[in-house]
Amino acid sequence: MKSYKYVIIGGGTTSGYAAEEFVEQGIGEGDLCIVSAESILPMNRPPLSKGYLKDSHEDDEILINDQNFYDKNGIEVKLETCARSVDLGRNEVDLDTGERIKFGKLLIATGSSLNHLGVDGGNLQNVFYLRNINHSDKIREQAKQSKNAVVVGGGYIGTETAAGLTELGVKVSMVVPEDHLLAKFTEGEVADFFKNLYKHQGIELIFNDKAVSFRGNGKVEEVELESGKRLPADMVVVGAGVKPNVKLFTGTALRINEAIQVNEYCETGVENVYAAGDVVEFPDQIFNKKRHVEHWEHAFEQGKHAAKVMTGKREPYVFVPFFFSDVFDLSYEYFGDQEGADFSATRGNVSDGNFSQWWFKDKICIAAFVMSSRPDEEGEKARTWIKEKVHIDQDRIDDESVSLKSLELQSQHHRNDPNH
Ligand SMILES: Cc1cc2nc3c(=O)[nH]c(=O)nc-3n(C[C@H](O)[C@H](O)[C@H](O)COP(=O)(O)OP(=O)(O)OC[C@H]3O[C@@H](n4cnc5c(N)ncnc54)[C@H](O)[C@@H]3O)c2cc1C
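**Student:** Explain the overall build of the protein here, please?
**Tutor:** Looking only at helices and strands, the protein has 9 helices and 28 strands in total. What you see for the protein is a C-alpha radius of gyration of 23 Å, in line with the 22 Å of a compact globule of 420 residues. Along the three orthogonal principal directions, the C-alpha set of the protein runs to about 75 × 60 × 40 Å. In the protein, which comprises 420 residues, the share counted as buried stands at 53%. Within the protein, contacts between residues at least 6 apart in sequence are counted, and of these 61% link residues at least 24 apart. Working note: accessible area of the protein is about 18,700 Å², and carbon and sulfur atoms make up 42% of it. Mean positive and mean negative side-chain charge positions of the protein (47 and 68 charges, respectively) differ by 4 Å.

**Student:** What is the right way to read the domain arrangement of the protein from this model?
**Tutor:** Where interface size is given, it is often the accessible area lost as the parts come together that is meant. By the assigned domains, the protein splits into domain 1 (2-113 + 242-310), domain 2 (116-238) and domain 3 (329-415). The C-alpha-based centres of domain 2 and domain 3 are spaced at 32 Å. Every contact between the two is made by 9 residues of domain 2 and, on the other side, 15 residues of domain 3. Of the roughly 960 Å² buried between domain 2 and domain 3 on both sides combined, carbon and sulfur atoms contribute 68%. Put simply, domain 2 and domain 3 have 0 salt bridges between them. There are 3 residue pairs in polar contact (both at pLDDT 80 or more) connecting domain 2 and domain 3. For the side of domain 2 that touches domain 3, the per-class residue count stands at 6 nonpolar, no polar and 3 charged.

**Student:** Can you help me understand the nonpolar core in this one?
**Tutor:** Nonpolar side chains tend to gather and get buried jointly when the protein is soluble and globular. Core analysis: the biggest nonpolar cluster contains 47 residues, and Val7, Val93, Leu106, Ile108, Ile260, Trp358 and Trp385 have the highest contact counts within it. Residue contributions to this core peak at 4 residues, all from strand E6 (residues 100-108). Both domain 1 (2-113 + 242-310) and domain 3 (329-415) contribute no fewer than three residues apiece to this core. Look past the residues within four positions of Ile260 in its chain and what remains in contact with it is Ile108, Val246, Phe249, Leu254, Arg255, Thr268, Ala275, Val279, Val280 and Glu281. If you look at the next biggest cluster of nonpolar residues, it comprises 46 residues, including Tyr52, Tyr198, Val327 and Ala367.

**Student:** Explanation requested: the sheet that holds strand E12 (residues 211-215) in the structure shown.
**Tutor:** Backbone-to-backbone hydrogen bonds join strands into a sheet, with any given pair of strands oriented parallel or antiparallel. Across the sheet, 3 strands lie side by side as E12-E13-E14; this open sheet has antiparallel pairing. The open sheet has two free edges, formed respectively by E12 and strand E14 (230-232), since each of these has just one partner strand. On average, each strand axis in the sheet is tilted by 20 degrees relative to the strand beside it, whichever way the strands run. Pairing analysis gives 3 bridges linking strand E13 (residues 222-225) to E14, with the strands arranged antiparallel. Bridging across to E14, Val223 finds its partner in Leu231.

**Student:** Whenever I open this one, the packing of aromatic side chains confuses me. Can you help?
**Tutor:** The relative placement of two aromatic rings is captured by the distance of their centres and the angle of their planes. Per the counting criterion, the structure on display carries 26 aromatic pairs. Between Phe185 and Tyr332 the ring centres are 5.9 Å apart and the planes differ by 55 degrees, which places this aromatic pair in the tilted class. Placement of the pair is Phe185 in the loop between strand E10 (171-176) and helix H6 (188-200) and Tyr332 in strand E23 (residues 330-336), with a sequence separation of 147 residues. For the pair Phe193 and Phe194, a centre-to-centre distance of 5.2 Å together with 75 degrees between the ring planes defines the contact as edge-to-face. Residue classification places Phe193 among the buried residues on the basis of a relative accessible area of 11%. Among the aromatic side chains, those forming a connected cluster through ring pairs are Tyr156, Phe185, Phe193, Phe194, Phe323, Tyr332, Tyr334, Phe355, Trp359 and Phe369. Across the ring face of Phe287, the terminal group of Arg291 is positioned such that the distance to the ring centre comes to 5.1 Å.

Here is what the cut-offs are and how they apply
Residues numbered from 1 in each chain as written. Predicted model: local features only at pLDDT ≥ 70, side-chain atom pairs only at ≥ 80, totals over all residues. Heavy atoms only, no water. Helix = DSSP H or I, 4+ residues; strand = E, 2+ residues; numbered from the N terminus. Rg over C-alpha atoms; globule rule 2.2 N^0.38 Å. Buried < 20%, exposed > 50% of the residue type's maximum accessible area, 1.4 Å probe, protein only. Contact = heavy atoms within 4.5 Å. Areas by Shrake-Rupley, 256 points an atom, 1.4 Å probe, with all protein chains shown as cover. Lys, Arg positive; Asp, Glu negative; His and termini not counted. Charge placed at Lys NZ, Arg CZ, Asp CG, Glu CD. Domains from an automatic or database assignment. Buried area = accessible area lost by both parts, 1.4 Å probe. Salt bridge = Lys/Arg side-chain N within 4 Å of Asp/Glu carboxyl O. Polar contact = N/O pair within 3.5 Å; in protein donor to acceptor, adjacent residues only side chain to side chain. Nonpolar A, V, L, I, M, F, W, Y, C, P; charged D, E, K, R; others polar. Core = buried A, V, L, I, M, F, W, Y, C linked by side-chain atoms within 4.5 Å. Pairing = 2+ DSSP bridges. Axes fitted to C-alpha atoms, helices over the stretch in contact; angles between N-to-C directions. Phe/Tyr/Trp six-rings, centres within 6.5 Å; stacked < 30°, edge-to-face > 60°. Lys NZ or Arg CZ within 6 Å of the ring centre and 35° of its normal.

As structure tokens, this is what we get:
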């Protein structure tokens, strides 16, 4: 049986950046093996619903590292290989190729799997979900032959895909169960801004409704909604969220509560077994609560962090929740967590898309939504304020003549520190 010092199960973003960090930390040739169900080397997924969805030539940022990196550093990547079962007591992984491998330390980076709608007609041709590069290729190819697309869901996958399909010349209708787009973090005039943006692009928006069946003869032709409305469709893309990919570990000694539970060191509690990325829930050191994140920067940061801990640098993972998205020619970033906010205000001009929104609790900034047209300082301050719990003169945040720096009163750390 082949044995490795480190094994990663999963070949996505967390895995790719963990591998990069293992190399930074000086692992030797043959020390690391990546077991990946994918047909492609560890990659960044964000382009799949943005530039790459529209144009397959826009693939520069997709691979985290090319084959040369893995060869040069003696890392074995087993593509199109699924871990079928794990024996955490014996440090062994069973692969669907029939091979069994042994690990010194294991990093679980199995990410998320798609939520499927489970409605009639879900298996019809041209009903798509979007998680991997093959899905993105198929959606693009079908878009070239389609007139009408229905996008189900108004989160980031729904909004990005609807924008991409529109730019490919397809007439798009969006079916959104909430009463506005990006409902997890937009409200009021910001929600109206996105509504107007999509309407202006010719996208039909149907709120407070759900797809209940897809109809067609072999291929999808129509989407039926809960309200009884029917939409013509020669393709459908569903963005109904994801769930942590934990199936392989049910029945093992790991603590699983939807996601795999880890501590601030990415440790699972089972000796020599670590987990990171979309698949975990971890103790958020800033907000003092358990957190599950399904976004790129967390995969990047925690992947690297886990590799550092596994190679001997045992430090706690401190992360400001972060998410970014691009739609049409706009980009935005979201920092922190607005839950529990008692005050919110915008800066700039919402109706022309040049704005940021800020959320506070007890005068401490807990979240910010920043359009990319805003000065860089806003994103930078958002991150620092949230991380350092800076006390802010929140009533003046909407006044652009006042610099952000001058709104800083004191950080909570300083207030609790008798030397300050
Ligand atoms: C289309 C798309 C667009 C996105 N855009 C953004 C964005 O704009 N901004 C943002 O912040 N985030 C975005 N994300 C989210 C971000 O990409 C994810 O949070 C990130 O990919 C999580 O990384 P991960 O490695 O934990 O999981 P994944 O990248 O999902 O990787 C998990 C890997 O594990 C493999 N695997 C699972 N089980 C097994 C097994 N038993 N054996 C072997 N391999 C296995 C899977 O095949 C996969 O390769 C996007 C995601 C998608 C799908």
